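So the chains spell out like this:
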Number of protein chains: 2
Amino acid sequence: MVVYAGQGDPRRSIELLWRASVAEQRPGPKPGLSVDTIVDAAIEVADEQGMAFSMRAVGERLGRTAMALYTYVPGKNELVDLMYDRAMAELPATYSTEDGWRPAVTRWAHDMWEFYGRHPWMLQVSQARPVLGPHEFAVIEALAAILVPTGLPGRELRGIVGALHYFVRGAAQTVAEARAAGRATGEGDEEWWYARSAVLAELEPDLDKKFPMLHLLENDREPIDPELPYLENDAVENFRGGLKVLLDGVEGAVAKP
Amino acid sequence: MVVYAGQGDPRRSIELLWRASVAEQRPGPKPGLSVDTIVDAAIEVADEQGMAFSMRAVGERLGRTAMALYTYVPGKNELVDLMYDRAMAELPATYSTEDGWRPAVTRWAHDMWEFYGRHPWMLQVSQARPVLGPHEFAVIEALAAILVPTGLPGRELRGIVGALHYFVRGAAQTVAEARAAGRATGEGDEEWWYARSAVLAELEPDLDKKFPMLHLLENDREPIDPELPYLENDAVENFRGGLKVLLDGVEGAVAKP
DNA sequence: CGAGGTTACTTTACGTCGTAAGGAGTCGCA
DNA sequence: TGCGACTCCTTACGACGTAAAGTAACCTCG
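As a starting point, this report considers the structure included with it. (Residues numbered from 1 in each chain as written. Chains lettered and ligands numbered in written order. Predicted model: local features only at pLDDT ≥ 70, side-chain atom pairs only at ≥ 80, totals over all residues. Heavy atoms only, no water.)

## Focus on the overall build of chain A
Thought 1: Within chain A, the secondary structure is distributed over 11 helices and zero strands.
Thought 2: When the elements of chain A are put in sequence order from the N terminus, they spell out α-α-α-α-α-α-α-α-α-α-α.
Thought 3: Of all 257 residues assigned to chain A, the portion counted as buried reaches 51%.
Thought 4: Counted over contacts in chain A with a minimum sequence separation of 6, partners at least 24 positions apart contribute 75%.
Thought 5: Roughly 11,700 Å² of accessible area belongs to chain A as shown, and the carbon and sulfur atoms make up 54% of that amount. (Helix = DSSP H or I, 4+ residues; strand = E, 2+ residues; numbered from the N terminus. Buried < 20%, exposed > 50% of the residue type's maximum accessible area, 1.4 Å probe, protein only. Contact = heavy atoms within 4.5 Å. Areas by Shrake-Rupley, 256 points an atom, 1.4 Å probe, with all protein chains shown as cover.)

## Looking at the protein's contact with DNA strand D
Thought 1: Around DNA strand D lies a shell of 28 residues, among which A:Pro29, A:Gly32, A:Tyr72, B:Arg56 and B:Tyr70 are the nearest.
Thought 2: B:Met55 is positioned such that a nitrogen or oxygen atom in its backbone is 3.0 Å from a phosphate oxygen of DNA strand D.
Thought 3: Within the side chain of B:Arg56, one N or O atom sits 2.8 Å away from a base nitrogen of DNA strand D.
Thought 4: Broken down by class, the residue content of the surface near DNA strand D amounts to 13 nonpolar, eight polar and seven charged. (Near = heavy atom within 4 Å. Polar contact = N/O pair within 3.5 Å; in protein donor to acceptor, adjacent residues only side chain to side chain. Nonpolar A, V, L, I, M, F, W, Y, C, P; charged D, E, K, R; others polar.)

## A word on helix α1 (residues 10-17) of chain B
Residue and element names in this part refer to chain B.
Thought 1: Within the sequence span of α1, burial applies to Pro10, Ser13, Ile14, Leu16 and Leu17. For α1, the buried positions fall inside an angular range of 160° around the axis, keeping them on one side.
Thought 2: Of the residues one or two after α1, arginine 19 is the one with positive phi, at around 50°. (Arc of directions from axis to C-beta.)

## Some thoughts on the protein's contact with DNA strand C
Thought 1: Around DNA strand C, the structure places 29 residues, and the nearest of them are A:Tyr70, B:Pro29, B:Arg64, B:Thr65 and B:Tyr72.
Thought 2: Of everything in DNA strand C that lies within 4 Å of the protein, sugar and phosphate atoms constitute 62%.
Thought 3: A:Met55 places a polar main-chain atom, nitrogen or oxygen, 3.0 Å from a phosphate oxygen of DNA strand C.
Thought 4: Residue B:Tyr72 places a side-chain N or O atom 2.4 Å away from a phosphate oxygen belonging to DNA strand C.
Thought 5: Within the surface near DNA strand C, the residues separate by chemical class into 14 nonpolar, seven polar and eight charged.

## Here we look at the nonpolar core
Thought 1: Grouped together as the largest cluster of nonpolar side chains are 168 residues, with contacts concentrated most on A:Met83, A:Trp108, A:Leu164, B:Met83, B:Trp108 and B:Leu164.
Thought 2: If near-sequence neighbours (up to four positions away) are discounted, B:Trp108 is found in contact with B:Tyr95, B:Val139, B:Leu143, B:Ile146, B:Leu164, B:His165 and B:Val168. (Core = buried A, V, L, I, M, F, W, Y, C linked by side-chain atoms within 4.5 Å.)

## Focus: the packing of helix α5 (residues 101-118) of chain B against helix α11 (residues 230-255) of chain B
Residue and element names in this part refer to chain B.
Thought 1: One way to put it is that α5 packs onto α11 with a least axis distance of 11 Å and a crossing angle of 145°. The way α5 lies across α11 gives a crossing that is right-handed. Contacts between α5 and α11 involve Trp101, Arg102, Val105, Thr106, Ala109, His110 and Trp113 from the former and Ala235, Val236, Phe239, Leu243, Lys244, Leu247, Asp248, Val250, Glu251 and Val254 from the latter. (Axes fitted to C-alpha atoms, helices over the stretch in contact; angles between N-to-C directions. Left-handed = near helix turned anticlockwise from the far one by under 90°.)

## Some remarks on the pattern of salt bridges
Residues and elements named next belong to chain A.
Thought 1: Taken as a whole and judged by the stated rule, the model has 27 salt bridges over all chains.
Thought 2: Where glutamate 15 meets arginine 11, a salt bridge forms, and the shortest distance between an N and an O atom there is 3.5 Å. Of this pair, glutamate 15 and arginine 11 are both found in helix α1 (residues 10-17), four residues apart, which corresponds to roughly one turn of the helix.
Thought 3: For glutamate 15, a relative accessible area of 28% corresponds to the partly exposed category.
Thought 4: Overall, arginine 11 belongs to the partly exposed group, its relative accessible area being 32%.
Thought 5: For glutamate 44, the salt bridge is made with arginine 61, and the minimal N-O distance between the two is 2.7 Å. A residue pair is termed long-range when its members are at least 10 positions apart, and glutamate 44 in helix α2 (residues 35-49) and arginine 61 in helix α3 (residues 55-61) qualify at 17 residues.
Thought 6: A single network of salt bridges, built from pairs that share partners, joins Arg102, Lys244, Asp248 and Glu251. (Salt bridge = Lys/Arg side-chain N within 4 Å of Asp/Glu carboxyl O.)

## Some words on the packing of α5(B) against helix α6 (residues 134-147) of chain B
Residues and elements named next belong to chain B.
Thought 1: Relative to each other, α5 and α6 sit at 160°, their axes nearing to 9 Å. By the angle class used here, α5 and α6 are roughly antiparallel. For the element pair α5 and α6, the recorded crossing hand is left-handed. Residues Trp101, Ala104, Val105, Trp108 and Met112 of α5 form the contact with α6, whose own contacting residues are Val139, Leu143, Ile146 and Leu147.
Thought 2: By residue class, the composition of the contact of α5 with α6 is nine nonpolar, no polar and no charged. (Parallel < 35°, antiparallel > 145°, perpendicular 65-115°, else oblique.)

## Re the environment of B:Gly249
Thought 1: Mapped onto the fold, B:Gly249 is located in helix α11.
Thought 2: The class for B:Gly249 is buried, based on a relative accessible area of 1%.
Thought 3: The sequence separation of B:Gly249 and B:Ile160 amounts to 89 residues, and the corresponding C-alpha distance is 9.3 Å.
Thought 4: For B:Gly249, the residues in contact, after removing those within four places along its chain, are A:Val245, A:Asp248 and A:Gly249.

## Structural notes on the packing of aromatic side chains
Centre-to-centre distance and the angle between the planes together describe a pair of aromatic rings.
Residue and element names in this part refer to chain B.
Thought 1: Under the definition given, this model contains 12 aromatic pairs over all chains.
Thought 2: Both rings, one in tryptophan 113 and one in phenylalanine 239, keep their centres 4.3 Å apart while their planes meet at 25°; by these two values the pair is stacked. Taken together, the residues span a long stretch of sequence, with tryptophan 113 in helix α5 and phenylalanine 239 in helix α11 at a distance of 126 residues. When sorted by exposure, tryptophan 113 lands in the same class as phenylalanine 239, which is buried. (Phe/Tyr/Trp six-rings, centres within 6.5 Å; stacked < 30°, edge-to-face > 60°.)

Now the structure itself:
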């Protein structure tokens, strides 16, 4: 389920994101919860169960019913927006560029990679319309702060920032989903792959002849880390290789004006 | 909702994908449907309503109930796998490289871009575990056939192929979700953006000072196509710019051994 | 030609989800 | 002291995927 950001009342959403609500003295029973505790609990649930977590599960973790949450948060969509921005607070706000932009971008990419590994549900929040929260801004600001000093014009920088984001998200998504699928089915990668490729080889014996280039692509393969499962090794290799190519492209743009 | 591929019986899935079922004479009433008609109907529904289409909706389009589909297809997950592979059949199987690999890859990327625009739900099928259908293979084969002749080793090619895929998917996802969210909320991009940025400016007046680099990123902006909505222009610009950088990086790898 | 088995499709039902509606109890303030 | 705002609960609704069981159509074999 891809969750679309920002469908509700804009004012309410933005106010929640920037925590603009004033905690004045009010009549009625003391609130037992807060937006923050709810968001934290929801992130914990999502880390464990993925984006398909339920309001009931979040309520239960807090010793309440699902409906109790609706006192603090307009609905699940808005809660996801808040989770999204809150999680982003984990990421560094600045990167040192004293050894140049390239190592800094590399560190940024690795941080994002690991971050998405911790919070795979983040990858399922729609990117189309930004959540517009403070920490989301801070993350883009951090990357921009590395790249702006290269002197490239905004037009070019936006393309680069976009490509980096797309790339990191895509690469992270592959591992994240591999792990999630493994958990969901109780199958490890190896079993999954073996069961399918065996049937495929039986039903379609001359695959290599039908797709010769694909076959060539598959050679020269060595596990980066033999501890890691099959598909994850693949993903790590692709991440490193792809990032290198991308940054080489950026280097070209920086070198010649 | 991200749908995880290949959770069911491997043999049944692969047989369906490669259409290995034999249409022999069998007792009982004549089948009024077929896997193909169901997959086609499901694709139509998904094109209109997104990945959150329902089995009931697909059945209705065929003048049946939801349960009728289960005679032909084990479940919704498997149906999505079939839709995924079937839609991929629209894409070209080969690209001419007579003018070099770069224009060919560019054509490939644009084809993918437009394809995802036609079938945005494709972007929500999990990429972690390949569907392993014939047309999915064909699409990768087409890209591999462009890149293998550059002489780069498999290890490097996989990184490049991965990066291209991630990039195109990411860029396409941004527009696709912008459109989907627009349809879902009945808001155009402009209204959405305006409502939010107005509230944001009011609540957080000195954003530009808090995120100075972000502000610099935003200058030098001109619509590529004034007919297109706001976010879509952004996405097109990012796509072109990002693809250029990526291909520059590939060029570097090809040039020096 | 008629019985029996197999198949296509339907109806009904279950457990899940997000959340609307209404009520019970709690507290600040007049 | 009581009004009204507030938190949180119970109940309920309509959506979803799909399991189970029933009905009717059709082929095959006697």
